Amino acid sequence: MLSERRLQVLRAIVQDYVGTEEPVGSKALTERHNLGVSPATVRNDMAALEDEGYIAQPHTSAGRIPTDKGYRLFVDKLAGVKPMTGPERRAIQNFLDGAVDLDDVVARTVRLLAQLTRQVAVVQYPSLTRSTVRHVELLSLAPARVMLVLITDTGRVEQRMIDCPAPFGETSLADLRARLNSRVAGRRFTDVPQLVEDLPEGFDLEDRGTVSTVLSTLLETLVEENEERLMIGGTANLTRFAHDFPLTIRPVLEALEEQVVLLKLLGETQDPGMTVRIGHENAYEGLNSTSIVSVGYGSGGEAVAKLGVVGPTRMDYPGTMGAVRAVARYVGQILAES
C-alpha cells in the first residue's frame, strides 16, 4: 500500500501529465501543487513510485509519466467523478430530447459522447434478450399476407412480412392480435415462447396454420442476434492524440472496426456499473495503448446495453467518467419515457 503522501504525489503527476502532455519533474510538481514537502522529499517519493512501477521515465526526458499501473491506482482511489455543470446537463437533455426513435437516440448519444469527452464514443443498441414486449401489431397487407410489428420497452421496432398458408380475415387478425397482446405485453422476451405455446388451439382448425406461422415468425424475431449492433462516432478525435500511441494509430483504428472486440471490451451488460479498462488490461493487443470507460444504461434501473468511450491512457478520467455516467442516465430516462 502506498502512503497517503505518495498517493498525493501520484495524483499530481497524473493530473499534470494529462493536462500538459509533458513528462513531469519534481520541481514543477512542488511549484504547481501544495504538497507541503520539500522538492527533495518529492524526488524521493517519485523514486519510490518508479521502483514500484507506478511511474516511468520516457527515455528522452528528465520527467516522469504514469504507467498503466499508476493510472489504475489513480482511478481506483478517485474520490468522485467530475459532475456535469448545469448548462452541460441542460444541453445533454435538450439534445437527446429531440430524438424521434431508437436509432436517433443511439445516433445522438454517440455524437454527444464524442463531443463531450473528445474521445471515440461507442454505444451498443439495447439487447433484445433483456427487453420486454410493449406491443405486437398485426396488419393485413393482402388476404394471405400479414406484417408483424414488434415494439419493445426500449422503443426498438422490428418488422417482419409473413406469407400465410391461407387467407386470414380482418376479424380473425384482430382476434389474434388481442389474444397475443393479452399474453405477451409487458413480458420478457425469454418468457414469450411458453406464454404462446397453446395459443393456436383456441382458434378454428382452418386458422391454426396461419396462427402458428405468425407465432413462429414472432419467436424467430425474438431470438435473432440483434444485440451485436453498435454505433461508433468521433473516430477522428483519435488523430488529436496521435503522439499518445507508441508507433501508429492504425492498430487502434483496426480494433475499432471489430464489433465483436468492442462488445467484449464494453463488458457484460449484466454488470451495469462503471468499468474502466486501462492499457494492457484490454486483452486485444491493438488497444493496449488505450483506455475504455463504459457503463450500462437502461430503463427502470436495469441495464439493457452499454455505452462508453475509447481514448488514450492519458485521459481525464474524472471528467470522462462523469460524462459517460451522465449521458447513460439521460438515455435511460428517455427509454423509460418513450
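This report concerns the structure included in the present document. Computed from a predicted model, the values in this text were never measured in an experiment.

### What about the packing of aromatic side chains?
To describe a pair of aromatic rings, you give the distance between the ring centres and the angle between the ring planes. Counted according to the given criterion, the structure contains one aromatic pair. Taking the centre distance of 5.6 Å and the plane angle of 50 degrees together, the rings of tyrosine 71 and tyrosine 317 count as tilted. Highlighted residues: tyrosine 71 in helix H4 (residues 68–76) and tyrosine 317 in helix H12 (residues 317–337), separated in sequence by 246 residues. Judged by relative accessible area, tyrosine 71 falls into the buried class, the value being 2%.

### Overview of the environment of threonine 30
Secondary-structure assignment places threonine 30 in helix H2 (residues 26–32). Note on threonine 30: relative accessible area 22%, which makes it partly exposed. What threonine 30 contacts, discounting residues up to four positions off in sequence, is Val37, Ser38, Pro39 and Val42. A polar atom in the side chain of threonine 30 sits 2.9 Å from the backbone oxygen of lysine 27.

### Points about the packing of helix H6 (residues 102–117) against H12
It is the contact of H6 with H12, at a shortest axis distance of 10 Å, that shows an interaxial angle of 165 degrees. Between H6 and H12, the interaxial angle falls into the category roughly antiparallel. When the axes of H6 and H12 are compared, the crossing they make is right-handed. Where H6 approaches H12, its residues Leu102, Val105, Thr109, Leu112, Leu113, Leu116 and Thr117 are matched on the opposing element by Thr320, Ala323, Val324, Val327, Val331, Ile334 and Leu335. Among the residues making up the contact of H6 with H12, the classes are represented as 11 nonpolar, three polar and no charged.

Rules used in this analysis
- Residues numbered from 1 in each chain as written.
- Predicted model: local features only at pLDDT ≥ 70, side-chain atom pairs only at ≥ 80, totals over all residues.
- Heavy atoms only, no water.
- Phe/Tyr/Trp six-rings, centres within 6.5 Å; stacked < 30°, edge-to-face > 60°.
- Helix = DSSP H or I, 4+ residues; strand = E, 2+ residues; numbered from the N terminus.
- Buried < 20%, exposed > 50% of the residue type's maximum accessible area, 1.4 Å probe, protein only.
- Contact = heavy atoms within 4.5 Å.
- Polar contact = N/O pair within 3.5 Å; in protein donor to acceptor, adjacent residues only side chain to side chain.
- Axes fitted to C-alpha atoms, helices over the stretch in contact; angles between N-to-C directions.
- Parallel < 35°, antiparallel > 145°, perpendicular 65-115°, else oblique.
- Left-handed = near helix turned anticlockwise from the far one by under 90°.
- Nonpolar A, V, L, I, M, F, W, Y, C, P; charged D, E, K, R; others polar.

By themselves these figures say nothing about function.
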